[in-house]
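The primary structure of each chain is shown beneath.
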Amino acid sequence: MPTRFLPILCLLALTVLIAGCPKQIPQPEIDAAEQALLDIESTKDCAPETYQAAKTMMDRARALLKEERYEEAKTALTAARQLAEKARRECDEKKKAEELAAKQVEPEPAAKEIKIEEDTGPDRMVTVYFGFNESSLTDEGRAALNNNAEYLRHHQDQRIQVEGHCDSRGSTEYNLALGERRAMAVRKYLVKLGVNPTRLEIISYGEERPVNPSQNEEAWNQNRRAEFLDLK
Amino acid sequence: MVKKILLVVGLGVGLLLVSSASGREYIKISDPNFRPYPIAIADIKDVNGTAADLARQGTETLRFDLGIAGVFKVLDPRSFIADSKQEGLSGASINFSDWINVGAEGLIKVGIYRSGKQIAMEGHLFDVASGKELLHKKYKGNAAGLRKMAHRFADAVVRHFTGSPSVFFTKIVFAKRTRRESKEICIMDFDGRNERCVVKNGAINLLPAWSAGDGVYYSSYLHGGPHLYLYDLKKKKSRVISKSPGLNIGASASPDGKAVALTLSRDDNSEIYVLNADGSRPRRLTRAWAIDSSPSWSPDARRISFVSERSGNPQVYMMKSDGSGAKRLTFQGNYNQTPDWSPRGDFILFNARDERLVYDIFKINWTTGEIVRLTQDQGNNEHPTFAPNGELVVFTSTRTGESKLYIMSADGTNQRQISRGKGEYTTPEWGPWPAK
């Protein structure tokens, strides 16, 4: 038994000496103490020491009740109830402190949101791909150009060279013309999205600059494209 | 193919000879009863035993030249009975029955003599049946000129039988990819020898075309563009001919050399223009909101064939050289490109993608619409152009993998690889007759 409860025990002993041995069971005290202990079942983890002390006092009270030392039991029960209430206060304080700490952290996410609003849009222009002998834009192509227009909106000082490319099939000459048509289709769409045409230069490389020099369907798909070059 | 059929028919008829103004009779390849003249070319004799390698090179040159000339059937030397090391060069020392027995009608006997760096060559052409000597030529010069001497004699043989010059002194210009992002403009002899690159600036240079003089038009990305330049083969210098905004590509010199047709996209669309040879006074010929490209002049300069996708996909068209009267020529397939008008005026070569998505070479008779297929089942075959005599065609083929240069007869027979180097060979154009 922890030494700090000694005064309580002395008090109990004194009470017994003075009052003799009353025969009445201190039922209200028992009920109150038991309820208080039930109520702090959840405080086992947040105020473990006080909780344990309350429990020990309650065990002591029960032992006294068995021995029909009711006055002593009554005092023990009161002490147990008070210890239980103390444990509850401790827990409440701890919770409040935690909530406060949580509240102090909260302003950070708010700051992050402000940063997103200040972001510079897409981090780069993306390549647009075309079908065989096609210079019209696909849905994927338009999506890529929406990204690129957004990029250009955030980089108003950038001038861009749109490069039209073809796969290696077909004649050198025709592919130069086709590559130019691809670059023109891209420019036209970007202008429609609000990009100033003076910021867009076009050039066709035909089949001269393949990304993938292999001769197969995969390589051809990769090579039919419009690329974007920053003109500093 | 077609020629084989003709050959079978021709065997019954015999060699068809046409009277010429000089009284001699010439073989005419375009005659329907034409059959190639069987000729034996004996191994060149190394007369004083000091030029075995030159003799071998000379023999190879003669057999290649007469083999592709179109008028001859060069007999397989493995079938020869006579021992060329033993047999002499003069008519008296030749056992003609040995040559009759291998099926020869003509016999070529050549000897070379070496003296230090100098060589002499004598060439004889015999009619096997009569033993009569038809030609006797002598040449001498530096040993380095050996192949040139052989071409000279082969040319004399061709002239003897056809009355026309051979193409053995013509050249071919082409663009060759040397690195991933650079292409050079190069020139080689018609047989693939003496390859040399004349425009090598590290940029992409493409679509070379002969000018009428000693020059080659080409397009280059050297300063963006691509712009059109003219390389002067004598001064060894390039100058700008056209640098309109956009494309300046696909030059084609007019037959008299005074004008050049090309594709410009200065109107935000590829259109065919004609410029003066120096690039001045551009005249727009096409006005379709479609790709128009690849002009090629008719030999009389009255018409230009070209590619247009005004019908929805690329097809071969022709128009008058003032741009009027455009007419579609090809209706089969949906991908017909790179027309080249024959110097004889009758056929236009072009490249088509067939139903198996393979690229092959065809020719069309522009007056009748008749189409003849020239290549098949040998990789992708593209960018054909005629030799100046209209009897041979140079083209690219991927039959061995990478794109290389080949020549063939204008009927599709006798296909031979001529390029010898590494790298990707593209867009050949056969050059004009050499200046006299």
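Preceding block: the structure.
S.K.: How should I be thinking about the overall build of chain B in this particular structure?
M.R.: Of regular secondary structure, chain B possesses 4 helices and 32 strands. For 436 residues, the compact-globule formula gives about 22 Å, and the C-alpha radius of gyration of chain B, at 23 Å, lands near that figure. The principal-axis extents of the C-alpha atoms in chain B amount to approximately 75 × 50 × 45 Å. Counting over 436 residues, chain B shows a buried share of 56%. Of the roughly 18,600 Å² of accessible surface on chain B, 50% is carried by carbon and sulfur atoms. In chain B, the 60 positive side-chain charges and the 45 negative ones have mean positions that sit 4 Å from each other.

S.K.: Teacher, can you tell me more about the pairing of strand 4 (residues 225–231) of chain A here?
M.R.: In the case of a regular strand, side chains alternate between the two sheet surfaces. All names here are of chain A. Strand direction decides the pairing type here: strand 1 (residues 128–129) and strand 4, joined by 2 bridges, are antiparallel. Bridge pairing in strand 4 places Tyr 129 opposite Arg 225. Bridge count between strand 2 (residues 159–165) and strand 4: 7 bridges; the pairing is antiparallel. Each bridged residue has a counterpart across the sheet, and for His 165 the counterpart in strand 4 is Arg 225.

S.K.: Please clarify how the pattern of salt bridges should be interpreted in this entry.
M.R.: Residue and element names in this part refer to chain A. One pass over the full model with this rule turns up 41 salt bridges over all chains. Between Asp 59 and Arg 62 there is a salt bridge whose closest N-O contact spans 3.7 Å. Within this pair, Asp 59 and its partner Arg 62 are both found in helix 3 (residues 48–66), separated by 3 residues, close to a single helical turn. Judged by relative accessible area, which is 47%, Asp 59 ranks as partly exposed.

S.K.: What should I look at first to understand the pairing of strand 13 (residues 215–220) of chain B in this one?
M.R.: Residue and element names in this part refer to chain B. When you tally the buried positions in strand 13, you get 6 out of 6 residues, the bulk of the element. Strand direction decides the pairing type here: strand 12 (residues 205–210) and strand 13, joined by 4 bridges, are antiparallel. Opposite Asn 205, over in strand 13, you have Ser 220 as the bridge partner. Where strand 12 folds back on strand 13, the antiparallel hairpin that results is connected by 4 residues. Two elements, strand 13 and strand 14 (residues 227–232), share 6 bridges in a ladder whose sense is antiparallel.

S.K.: Is there a simple way to explain the packing of aromatic side chains in this structure?
M.R.: Each aromatic ring pair is described using two quantities: the centre-to-centre distance and the angle formed by the ring planes. If you walk through the whole model with that rule in mind, you get 17 aromatic pairs over all chains. Taken together, Phe132(A), Tyr174(A), Tyr335(B) and Tyr359(B) form an aromatic cluster joined through their ring pairs. Note that Lys363(B) overlies the ring of Phe347(B), its terminal NZ or CZ placed 4.3 Å from the centroid.

Thresholds applied
Residues numbered from 1 in each chain as written. Chains lettered and ligands numbered in written order. Predicted model: local features only at pLDDT ≥ 70, side-chain atom pairs only at ≥ 80, totals over all residues. Heavy atoms only, no water. Helix = DSSP H or I, 4+ residues; strand = E, 2+ residues; numbered from the N terminus. Rg over C-alpha atoms; globule rule 2.2 N^0.38 Å. Buried < 20%, exposed > 50% of the residue type's maximum accessible area, 1.4 Å probe, protein only. Areas by Shrake-Rupley, 256 points an atom, 1.4 Å probe, with all protein chains shown as cover. Lys, Arg positive; Asp, Glu negative; His and termini not counted. Charge placed at Lys NZ, Arg CZ, Asp CG, Glu CD. Pairing = 2+ DSSP bridges. Salt bridge = Lys/Arg side-chain N within 4 Å of Asp/Glu carboxyl O. Phe/Tyr/Trp six-rings, centres within 6.5 Å; stacked < 30°, edge-to-face > 60°. Lys NZ or Arg CZ within 6 Å of the ring centre and 35° of its normal.

By themselves these figures say nothing about function.
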